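Chains, contacts and geometry: an overview
Given next are the chains, with one letter for each unit.
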Amino acid sequence: MDLAALRAEQLQRAADVVRQDDFDVLPPRFIAGADVGFEQEGAITRAALVVLEYPSLQLVEHRIARVATTMPYIPGFLSFREVPALLAAWQQLTSQPDLLFVDGHGIAHPRRLGVAAHFGSLVDVPTIGVAKKRLCGRFGELDAEPGSRQPLMDKGEQIGWVWRSKARCNPLFVSTGHRVSMDSALHWVERCTAGYRLPEPTRWADAVASGRPAFLRWQNAC
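Residues numbered from 1 in each chain as written. Predicted model: local features only at pLDDT ≥ 70, side-chain atom pairs only at ≥ 80, totals over all residues. Heavy atoms only, no water.

Let's talk about the UniProt feature "site: Interaction with target DNA" (unreviewed entry) in the protein
Definition in use: UniProt positions are given in the numbering used here, feature names are shortened, and annotations may be inferred rather than shown by experiment. Helix and strand labels come from DSSP, where a helix needs a run of H or I of at least four residues and a strand needs a run of E of at least two; each type is numbered from the N terminus. Note on contacts: a residue pair qualifies if any of its non-hydrogen atoms lie within 4.5 Å across the two residues.
With numbering matched to this structure, UniProt assigns "site: Interaction with target DNA" (unreviewed entry) to Tyr73. With respect to the helices and strands, the residue Tyr73 is situated in the loop between strand E3 (58-68) and helix H2 (78-90). Excluding its chain neighbours within four sequence positions, the residues that come into contact with Tyr73 are Leu78 and Arg81.

Encoded structure:
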């Protein structure tokens, strides 16, 4: 595995990420959510994509793609491992999302190319990274109440927001993925959060990927 070549590719792709708002449709009509996991002890990469109608946040489409994993887990290079399955799921969609949430980091990455930035720039759709854990950067202490936020800083640059979406829950790490500004990223995550820790697009993507009860109930009702 030529990590030097991958690192150079990350820096090149990161330079192409658009960090300002560049929406084709606003407010968005359809918002997608993406979640990636692994099966068979990592041999299979599974990507789930959902499409929600906005502002109702009702699920209108879901797709799952499973592809052979082509790269081992290497911290800092996870997007190369996850993107092939995401692309396979994306190609199955019949609804064209106007905005995409990815369970993972956008530019809140040492080389500013987490999976949300990598994938968002490939499909060229406004994209937001919503991660559950910090990868890099520092932030101040958050208050206990929902809505508390602090800028995530790295090398003198704001690379994301640390935002408490729900009381008694760990915060989320929200960052620009592609064609969405830092402030708009947090704005849309807030608009799409409905009482759970995760915003609805990535919460539903996780539910579809894992066959959670909420998704099974939705299937049975259809």
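Next comes the rest of the description.
Quick notes on the pattern of salt bridges
Condition: Salt-bridge detection follows one rule: a side-chain nitrogen of Lys or Arg within 4 Å of a carboxyl oxygen of Asp or Glu.
Inspection of every chain in the model, using the stated rule, returns 13 salt bridges. The salt bridge involving Glu9 is made with Arg13; its shortest N-O contact spans 2.9 Å. Of this pair, Glu9 and Arg13 both sit in helix H1 (residues 3-16), separated by 4 residues, roughly a single helical turn. Residues Arg179 and Asp124 are paired through a salt bridge, measuring 3.4 Å at the closest nitrogen-oxygen approach. Here Arg179, found in the loop between strand E8 (172-178) and helix H4 (182-191), pairs with Asp124, found in the loop between helix H3 (115-123) and strand E5 (127-131); they are 55 residues apart in sequence, far enough to count as distant. Members of the salt-bridge network, linked through shared partners, are Arg19, Arg112, Asp154 and Glu157.

Some thoughts on the sheet that holds strand E6 (residues 149-154)
What counts is decided by this rule: Here a strand pair is declared whenever DSSP counts at least two bridges between the two strands. Helix axes are fitted to C-alpha atoms over the stretch in contact, other axes to C-alpha atoms as well, and angles between N-to-C directions run from 0 to 180 degrees.
Pairing is mixed across the open sheet formed by 8 strands, whose spatial order is E3-E2-E1-E4-E5-E8-E7-E6. Each edge of the sheet is formed by a strand with only one pairing partner; in this case those strands are E3 and E6. Neighbour-to-neighbour, the strand axes of this sheet turn through a mean angle of 25°, independent of strand direction. Strand direction decides the pairing type here: strand E1 (residues 30-39) and strand E2 (residues 44-53), joined by 10 bridges, are antiparallel. Of the residues in E2, the one forming a bridge with Gly37 is Arg46. Packed on one face of the sheet, H4 meets strand E4 (99-103), E5, E6, strand E7 (157-163) and E8 and runs near 15° to E7.

Side note on the side chain of His178
Worth spelling out the cut-off: The classification of residues rests on relative accessible area computed with a 1.4 Å probe and restricted to protein chains. Under 20% of the type maximum is buried, over 50% is exposed, and intermediate values are partly exposed. In protein, a polar contact requires one atom able to donate a hydrogen and another able to accept it; more generally it is a pair of N or O atoms within 3.5 Å, and residues adjacent in sequence count only if both atoms are side-chain atoms.
Structurally, His178 is set in strand E8. Residue His178 is classed as buried on the basis of its relative accessible area of 4%. Polar side-chain contacts of His178 include one of 3.1 Å to the backbone nitrogen of Val18. What His178 contacts, discounting residues up to four positions off in sequence, is Asp16, Val17, Val18, Gly120, Ser121, Asp124, Val125, Pro126 and Thr127.

What to know about unusual backbone geometry
At the junction of Leu26 and Pro27, the peptide bond is cis and its omega measures out at 0° in the coordinates. Along the chain, Pro27 falls in the loop between H1 and E1. For the bond from Tyr54 to Pro55, the omega torsion is 15°, close enough to zero to count as cis. Along the chain, the position of Pro55 falls in the loop between E2 and E3. Of note, the phi angle at Gln40 is positive, near 50°, even though the residue is not glycine. Looking at where Gln40 falls in the secondary structure, it is placed in the loop between E1 and E2. In this structure Gln40 comes out as exposed when scored by relative accessible area, which is 61%. One non-glycine residue, Arg112, lies in positive phi territory at about 65°.

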